[in-house]
Amino acid sequence: MVIPFAAAGLVASPAIATGGLNCRTAGPRTIEVAMGYGHVPGAPLILTRLLDNGRNIPAKPAQWWLNDREVRLLLIDPDAHGEQLVLKAKRNGFVYDGSIWRSGQRRWVRCRES
């Protein structure tokens, strides 16, 4: 009877099923994007945060894509009237390097897994 209880304990143990990315532009007046997500196919973003020069900007995700080669993210206004940010980056070793478009300007960005 000990063996079935031990097997049940293994099935019920928690799994580390979430991850995240932190993205930041270089230079003065940084733009930072943080996102949290599940590690299963089709998992939604469970957290997004947008900081522009240290100010929190209300935004929500409209679309996102992440695989072992690239990350893409579209953040929109909470009322869905306009884009706040577009991020596109490709894997470069242990990081993702690419571009952020915000307020009509394109900036270089680096994203690191957290």
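Look a little higher up for the structure.
Draft legend 1. Structural context of the overall build of the protein. Within the protein, the secondary structure is distributed over 1 helix and 9 strands. Along its sequence from the N terminus, the protein presents helices and strands in the succession α-β-β-β-β-β-β-β-β-β. The buried share among the 114 residues of the protein stands at 36%. Pairs at least 24 residues apart make up 29% of the contacts formed inside the protein by residues separated by at least 6 positions. About 7600 Å² of surface is accessible on the protein, with carbon and sulfur atoms providing 58% of the total.

Draft legend 2. Highlighting the side chain of Asp-97. Following the sequence through the fold, Asp-97 ends up in strand S8 (residues 95-102). Taking relative accessible area as the criterion, Asp-97 reaches 16% and is therefore assigned buried. Within the local environment of Asp-97, its side chain forms a polar contact with the side chain of Asn-92, the two groups lying 2.8 Å apart. Excluding its chain neighbours within four sequence positions, the residues that come into contact with Asp-97 are Ala-89, Lys-90, Asn-92, Trp-108, Val-109 and Arg-110.

Draft legend 3. Highlighting the sheet that holds strand S2 (residues 31-38). What the 9 strands build is an open sheet, ordered S4-S3-S2-S1-S9-S8-S7-S6-S5; its pairing is antiparallel. Taken across any chain shown, the strands that pair with only one partner, and hence form the sheet edges, are strand S4 (55-56) and strand S5 (60-66).

Draft legend 4. Layout of the side chain of Gln-84. Mapped onto the secondary structure, Gln-84 falls in strand S7 (residues 83-92). For Gln-84, the side chain forms a polar contact with the side chain of Arg-102, separated by 2.6 Å. In this structure, Gln-84 is in contact with Leu-50, Ile-57, Pro-58, Ala-59, Leu-75, Ile-76, Asp-77, Trp-101 and Arg-102, ignoring residues within four places of it in sequence.

Each value, and the rule that gives it
- Each residue is numbered by its place in its chain's sequence as written, counting from 1.
- Local features in this predicted model are restricted to residues whose pLDDT is 70 or higher, and side-chain atom pairs enter the listing and the counts only when it is 80 or higher, whereas totals over whole chains, interfaces and linings include all residues.
- Working from all heavy atoms in the structure, the side-chain values ignore hydrogens and water.
- Secondary structure elements are defined from DSSP: runs of H or I of at least 4 residues count as helices, runs of E of at least 2 residues count as strands, and each element is numbered from the N terminus.
- Each residue gets one of three labels from its accessible area relative to the maximum for its type: buried under 20%, exposed over 50%, partly exposed in between, using a 1.4 Å probe on protein chains only.
- What makes two residues a contact is simply this: any of their non-hydrogen atoms within 4.5 Å.
- Reported accessibility uses the Shrake-Rupley method at a 1.4 Å probe radius. Residues are deemed covered only where the shown protein chains occlude them.
- Within 3.5 Å is the distance limit for a polar contact, defined as a pair of N or O atoms, with the added protein rule that one can donate a hydrogen and the other accept it, and that residues adjacent in sequence qualify only through two side-chain atoms.
- At least two bridges found by DSSP between two strands are what make those strands a pair.

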